[in-house]
Amino acid sequence: MSAVSTMAAEEDPAVTEESCEITQHVAEFIEKELGNDPKSLKKLSQITEELALYKKTLEEQVLTVSSEVPKKIENAFKNAENSKKLLNGIIKKEAILAESINNHLVTAQPLIEELKVLIGQIEEIERHLWYLKWISQIEELSDCIQQHLMTNSVSDAANTLVSMAELDIKLQESSCTHLLNFIRSTVKFWHKILKDRLTNDFEEVLKQLHWPLIGPQQVQAPALASVANSTELYNNLETLFIQLLKLQTSDELITKPKQLPEKYDIPLSVPIAIPIQLMLLPLQKRFKYHFSGNRQTNMLNKVWLFIETAM
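Quantities reported herein were computed from a predicted structural model and do not represent experimental measurements.

Enquirer: So what's going on with the overall build of the chain? Which residues, and what values?
Expert: Along its length, the chain carries nine helices and zero strands. When its helices and strands are written in sequence order, the chain yields α-α-α-α-α-α-α-α-α. Across the 311 residues in the chain, those meeting the buried criterion constitute 19%. Counted over contacts in the chain with a minimum sequence separation of 6, partners at least 24 positions apart contribute 62%. Counting only carbon and sulfur atoms, one obtains 59% of the accessible surface of the chain, whose full area is about 24,100 Å².

Enquirer: Any details on the pattern of salt bridges? Residues and values, ideally.
Expert: Counting across every chain of the model gives three salt bridges. With a closest N to O distance of 2.7 Å, D168 and R184 form a salt bridge. With D168 in helix 4 (residues 154-170) and R184 in helix 5 (residues 177-208), the pair connects residues that are 16 residues apart, well separated along the chain. D196 is the partner of K192 in a salt bridge, and the nearest nitrogen-oxygen pair spans 3.0 Å.

Enquirer: Give a detailed account of a nonpolar patch on the surface, specifying residues and quantitative values.
Expert: On the surface, a cluster of nonpolar side chains totalling about 440 Å² of accessible area is made up of W211, L213, I272, I276, L280 and L283. Mapping L213 onto the fold places it in the loop between helix 5 and helix 6 (216-246). Relative accessible area serves as the criterion here: at 38%, L213 is assigned to the partly exposed category.

Enquirer: Would you mind going over the side chain of Q248 in detail, with residue names and values included?
Expert: On the secondary structure map, Q248 appears in helix 7 (residues 248-254). Contact partners of Q248, with chain neighbours within four places excluded, come to P271, I272, A273 and I274.

Enquirer: Talk me through the environment of T255; I want residue IDs and the actual numbers.
Expert: Note on placement: T255 falls in the loop between helix 7 and helix 8 (274-291). Residue classification places T255 among the partly exposed residues on the basis of a relative accessible area of 42%. T255 sits 67 residues away from K188 along the chain, and the two C-alpha atoms are 9.5 Å apart. Among the polar contacts made by the side chain of T255, one reaches the main-chain carbonyl oxygen of D251 at a distance of 2.8 Å.

Enquirer: Go over the nonpolar core with me, naming the residues and quoting the values.
Expert: Ranked by internal contacts, the top residues of the largest apolar core, which has 32 residues, are F202 and L247. The set of elements that each furnish at least two residues to this core consists of helix 3 (44-150), helix 4, helix 5, helix 6 and helix 8. Residues in contact with L247, not counting those within four places in the same chain, are A158, L161, H191, L194, K195, L198 and I274.

Enquirer: So what's going on with helix 5? Which residues, and what values?
Expert: In this model helix 5 runs 46 Å from its N-terminal to its C-terminal C-alpha over 32 residues, within 8% of the 46 Å that 1.5 Å per residue would give. A positive backbone phi angle near 60° is found at H210, which sits one or two residues after helix 5.

Enquirer: So what about unusual backbone geometry? Which residues, and what values?
Expert: At N152, a residue that is not glycine, the phi angle is positive and equals roughly 65°. Inspection of the secondary structure puts N152 in the loop between helix 3 and helix 4. For N152, a relative accessible area of 53% corresponds to the exposed category. The phi dihedral of H210 falls on the positive side, at around 60°, and the residue is not glycine. With respect to the helices and strands, H210 occurs in the loop between helix 5 and helix 6. For H210, a relative accessible area of 38% gives the class partly exposed.

Enquirer: Outline the environment of N159, listing residues and values.
Expert: As for its placement among the helices and strands, N159 is situated in helix 4. What makes N159 partly exposed here is its relative accessible area of 35%. Measuring from C-alpha to C-alpha, the distance between N159 and Q243 comes to 8.5 Å, with 84 residues separating the pair along the chain.

Enquirer: So what's going on with the environment of A165? Which residues, and what values?
Expert: For A165, the position within the fold is in helix 4. Judged by relative accessible area, which is 0%, A165 ranks as buried. Spatially, the C-alpha atoms of A165 and H191 are 9.6 Å apart, while their sequence positions differ by 26 residues. The residues contacting A165, other than those within four sequence positions of it, are V187, T249, S250 and L253.

Enquirer: Talk me through the packing of aromatic side chains; I want residue IDs and the actual numbers.
Expert: Note on aromatic pairs: each is described by the distance of the centres and the angle between the planes. Under the defined criterion, the tally for this structure stands at three aromatic pairs. A ring pair is formed by F189 and W190, whose centres lie 4.9 Å apart and whose planes are at 75°; its orientation type is edge-to-face. Judged by relative accessible area, which is 47%, F189 ranks as partly exposed.

Enquirer: Go over helix 4, please, and point to the residues and values.
Expert: The terminal C-alpha atoms of helix 4, which comprises 17 residues, lie 24 Å apart, in line with the 24 Å expected from a rise of 1.5 Å per residue. Residues V154, A157, A158, T160, L161, V162, M164, A165, L167 and D168 constitute the buried set of helix 4.

Enquirer: Report on the side chain of D251, specifying residues and quantitative values.
Expert: Note that D251 resides in helix 7. Beyond its immediate stretch of four places on either side in the chain, D251 contacts H191, K195 and I274.

Here is what the cut-offs are and how they apply
- Residues numbered from 1 in each chain as written.
- Predicted model: local features only at pLDDT ≥ 70, side-chain atom pairs only at ≥ 80, totals over all residues.
- Heavy atoms only, no water.
- Helix = DSSP H or I, 4+ residues; strand = E, 2+ residues; numbered from the N terminus.
- Buried < 20%, exposed > 50% of the residue type's maximum accessible area, 1.4 Å probe, protein only.
- Contact = heavy atoms within 4.5 Å.
- Areas by Shrake-Rupley, 256 points an atom, 1.4 Å probe, with all protein chains shown as cover.
- Salt bridge = Lys/Arg side-chain N within 4 Å of Asp/Glu carboxyl O.
- Patch = residues over 30% accessible without salt bridge, like charges linked within 9 Å, V, L, I, M, F, W, Y side chains within 5 Å.
- Polar contact = N/O pair within 3.5 Å; in protein donor to acceptor, adjacent residues only side chain to side chain.
- Core = buried A, V, L, I, M, F, W, Y, C linked by side-chain atoms within 4.5 Å.
- Expected span 1.5 Å × (residues − 1).
- Phe/Tyr/Trp six-rings, centres within 6.5 Å; stacked < 30°, edge-to-face > 60°.

Now the structure itself:
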């Protein structure tokens, strides 16, 4: 420790640790500036002036800070007070508004109940309008089929029946049982008329073509007749075949699929097309005639007849 600091400690034995640090700092500063050279004492007046100026600067800064900080604190406090007042005002307005809303809801409750009743009535009327719309559409399709049949436009009638069948499928999700029964009965009615008419025409064309073609002689018969009208017959066959195919959708709607007993565990097969069914009918009749009962063709020693017929 330097001599200056030692002297300071001896003069004031109750000096605090902080005071000792300051004294130590001052002693080190003097030793650094003056040292042990007596000639350095010439700098003393200059150092004193610099320290005085530095002290003055520090005092001005302290005064400035002492005057500004309270103002900032005061402004912050005022802002906090204003924010508190503003918040309290908003809370009061919110309470008033909430009370007003509650009072309005209580007052409007009877109106809300009346509106619910009116809305329910409107929805019921809309359901009635949709119901009448579907009825009108079904009747319109039915009238179109009737007009097409009156003008002998069977193909257009079949197309309209397809539209009606598609409408039937579309309405299956409805819970209006009377509407579903009405459209299904209408589809069934026109389907039977069209199917009977097209079936008669189709079977007549098949007869003219000597269907079914079983033996060699029957195969040659239409070939001989083809010179005159085979083109017309085949055109009619194609037209009727296509028209019968259009009835497939409605036929599947009104016809329940045949189910075998559960013990066979056979999945349902795809429905056979109507014209194919009609072409198979004479073959089925012929097969049953020859191979059921006591016919001479139904004998074990004539198996070749069965195989020939089946082929």
